Amino acid sequence: MYEYKLKGIKSIYDGDTFIGYIDLGFGIVKEEKFRLALIDTPELRGDTLIEARISRDWLRNRIIKAFEDDKVILVKTIKDTKGKYGRYI
């Protein structure tokens, strides 16, 4: 398992997928796409649109509040390789 400090968020696609900036150390920050492990939220298409927006907004608000409160957000990857859709899990 690998651990990175989340420095910022570029976008949140839905309740379980986001693009963020991680600190690799030595002043190096990299943009990566992440999929939250063991969480499955509705997709932003089809007849689950309303539920998908609710879950996406919940995740967005949690992350924004953590940054506002100056909390450190750590991203832990299960494997340091990308999954099927090019996202770290």
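So, how was this worked out
- Residues numbered from 1 in each chain as written.
- Predicted model: local features only at pLDDT ≥ 70, side-chain atom pairs only at ≥ 80, totals over all residues.
- Heavy atoms only, no water.
- Patch = residues over 30% accessible without salt bridge, like charges linked within 9 Å, V, L, I, M, F, W, Y side chains within 5 Å.
- Areas by Shrake-Rupley, 256 points an atom, 1.4 Å probe, with all protein chains shown as cover.
- Salt bridge = Lys/Arg side-chain N within 4 Å of Asp/Glu carboxyl O.
- Helix = DSSP H or I, 4+ residues; strand = E, 2+ residues; numbered from the N terminus.
- Buried < 20%, exposed > 50% of the residue type's maximum accessible area, 1.4 Å probe, protein only.
- Contact = heavy atoms within 4.5 Å.

### Re a nonpolar patch on the surface
Nonpolar side chains collect at one region of the surface, where Leu24, Phe26 and Ile28 lie side by side and expose about 380 Å² of accessible area between them. Mapped onto the elements, Phe26 comes out in the loop between strand S2 (17-25) and strand S3 (28-35). Classification of Phe26 by relative accessible area gives exposed; the value is 86%.

### Describing the side chain of Asp16
Tracing the chain through its elements places Asp16 in the loop between strand S1 (2-14) and S2. You can call Asp16 buried: its relative accessible area is 1%. Once residues within four sequence positions are removed from consideration, Asp16 is found in contact with Phe34, Arg35, Leu36, Ile39, Asp40, Thr41 and Leu59.

### What about the pattern of salt bridges?
Enumeration according to the criterion identifies ten salt bridges in this entry. In this structure, the salt-bridge partner of Glu3 is Lys76, at a minimum N-O distance of 3.7 Å. In this pair, Glu3 sits in strand S1 while Lys76 sits in strand S4 (residues 73-77), placing the two residues 73 residues apart along the sequence. Given the relative accessible area of 46%, Glu3 is considered partly exposed. Among the residues examined, Lys76 registers a relative accessible area of 48% and is labelled partly exposed. Between Lys82 and Glu32 there is a salt bridge, and its shortest N-O distance comes to 3.3 Å. In this pair, Lys82 sits in the segment after S4 while Glu32 sits in strand S3, placing the two residues 50 residues apart along the sequence. Through salt bridges with shared partners, a single network forms among Asp16, Arg35 and Asp40.

### Side note on the environment of Ile19
Structurally, the position occupied by Ile19 is in strand S2. Remark: the alpha-carbon pair of Ile19 and Glu31, spanning twelve residues in sequence, is separated by 6.9 Å. Not counting chain neighbours up to four residues away, the residues in contact with Ile19 comprise Ile9, Lys10, Ser11, Glu31, Glu32 and Lys33.

### Remarks on unusual backbone geometry
Even without glycine at this site, Phe26 takes up a positive phi of about 55°. In this structure, Asp70 is a non-glycine residue whose phi angle is positive, near 55°. Inspection of the secondary structure assignment puts Asp70 in the loop between helix H1 (49-68) and S4. Look at Asp70 and you get exposed, because its relative accessible area is 70%.

By themselves, these are just geometric observations and shouldn't be taken as functional.
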